[in-house]
2 protein chains.
Amino acid sequence: MKTIDPSLRDKTKRLTQALRDGGVRVTRQREVLLRILAEAEDHPDATELHRRARAVDDSVSLATVYRTLSVLEREGVVQRHSFESGAARFEVADPAHHDHIVDLDSGEIIEFRNDRIEELQRQIAAEMGYEIIHHRMELYCKKRA
Amino acid sequence: MKTIDPSLRDKTKRLTQALRDGGVRVTRQREVLLRILAEAEDHPDATELHRRARAVDDSVSLATVYRTLSVLEREGVVQRHSFESGAARFEVADPAHHDHIVDLDSGEIIEFRNDRIEELQRQIAAEMGYEIIHHRMELYCKKRA
DNA sequence: TTGTGTGCAAATCTTTTGCAGGTTG
DNA sequence: CAACCTGCAAAAGATTTGCACACAA
């Protein structure tokens, strides 16, 4: 049987509150999606989120999934990733930015963070007269023999 | 009037040769596309390349542009970039890898390279048991006030 | 109540593909 | 000549949108 993870409940609550604070209505469909996003440990795309959402409430439409994801992105609750191929994938926004390693064989996505690189990036942009609004770095890798 | 840039002719020739070496036929349409890619100083998408190609030879179809770009990518002649939104953009493959700064206001794309970051990336991947096959790094920026 | 949100289906946009005919090597 | 390419149009995949109805605040 499945135990309820209390930290998961908190996480969902925090996301819900972020929406209310943004003056956005928290509908039944959005609650479902927030919960699913909160408990996701991978980087699902819209279709996959739709599949998971319907398992909880089969009235959720794919259009709503897309519309909700746009709202959540605008509210800073989720992050959209466009990897090299296929549909966009989503994850709950991490207050501490991180980058991704994509395992080319398994498709698995691994998160990492390196402050040295972050700092170098800022330096490079600054030297060219720019300020970084956001950035992405993806390492497409294979396991070493 | 327009002068013919000799280095441009050489560049086109080099690309054409790369195709022949790969056992790929160099058709009229492919020649046109290679020349357009060689003289491009920006990062055009397939539709834009199609527009430019038709200005030279209006029989070139969009399907051929896409098919040719796939061949050129496979032959290592061009690189495909999927930036955050919109269609894929292409540029002649740079033997020395580089990354991109995307100016969020103008849409302009600026290239840069930093060996220190490249090295750190390799280290990070190695620590996690991975070998980098290829990677991408994009800094989405605004000009500093 | 009232402005938002939703489901459905159709539209859009990008990219791919089947097929019949054309061209390169 | 044979294998490879091309144009055209249709298909496919992802995402957006118009509309009439439903619902959160």
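Residues numbered from 1 in each chain as written. Chains lettered and ligands numbered in written order. Predicted model: local features only at pLDDT ≥ 70, side-chain atom pairs only at ≥ 80, totals over all residues. Heavy atoms only, no water.

As annotated in an unreviewed UniProt entry, chain A carries the name Ferric uptake regulation protein and comes from Pseudogemmobacter lacusdianii. Annotation of chain A in UniProt includes, under Subcellular location (unreviewed entry), the sentence "Cytoplasm". (UniProt positions renumbered as here; feature names shortened; annotations may be inferred.)

**Here we look at helix α4 (residues 62-74) of chain A**
All names here are of chain A. Across its 13 residues, α4 extends 18 Å between first and last C-alpha, which sits within 8% of the 18 Å expected from 1.5 Å per residue. The set of residues buried in α4 consists of Val65, Thr68, Leu69, Val71 and Leu72. For α4, the buried positions fall inside an angular range of 165° around the axis, keeping them on one side. In α4, the exposed positions angled more than 90 degrees off the buried face are occupied by Arg67 and Arg74. Just past α4, the residue Gly76 takes up positive phi, approximately 75°. (Helix = DSSP H or I, 4+ residues; strand = E, 2+ residues; numbered from the N terminus. Expected span 1.5 Å × (residues − 1). Buried < 20%, exposed > 50% of the residue type's maximum accessible area, 1.4 Å probe, protein only. Arc of directions from axis to C-beta.)

**What to know about the environment of Ser82 of chain B**
If you trace the backbone, Ser82 of chain B turns up in the loop between β1 (78-81) and β2 (89-92). Along the chain, Ser82 of chain B and Asp45 of chain B lie 37 residues apart, while their C-alpha atoms are 9.8 Å from each other.

**Quick look at the pairing of strand β3 (residues 99-103) of chain B**
Residue and element names in this part refer to chain B. The element β3 is extensively covered by neighbouring structure, given that five of its five residues are classed as buried. In β3, alternate side chains face the same way, and those of Asp99, Ile101 and Asp103 on one face and His100 and Val102 on the other are all buried. Bridge count for β3 against strand β4 (residues 109-112) is four bridges, and the pairing is antiparallel. By the bridge assignment, Val102 is partnered in β4 with Ile109. What sits between the antiparallel neighbours β3 and β4 is a turn of five residues, in which Gly107 has the positive phi angle 85°. (Pairing = 2+ DSSP bridges.)

**Things to note about the sheet that holds β4 of chain B**
What the six strands build is an open sheet, ordered β4(A)-β3(A)-β5(A)-β5(B)-β3(B)-β4(B); its pairing is mixed. With partners counted over all chains shown, the strands left at the sheet margins are β4 (109-112) of chain A together with β4 of chain B, one partner each. The mean angle between the axes of side-by-side strands here comes to 25°, regardless of whether they run parallel or antiparallel. Strands in contact with helix α5 (residues 115-127) of chain B are β3 (99-103), β4 and β5 (130-143) of chain A together with β3 and β5 (130-143) of chain B; relative to β5 of chain B, the strand with the most contacts, it is inclined by about 135°. (Axes fitted to C-alpha atoms, helices over the stretch in contact; angles between N-to-C directions. Contact = heavy atoms within 4.5 Å.)

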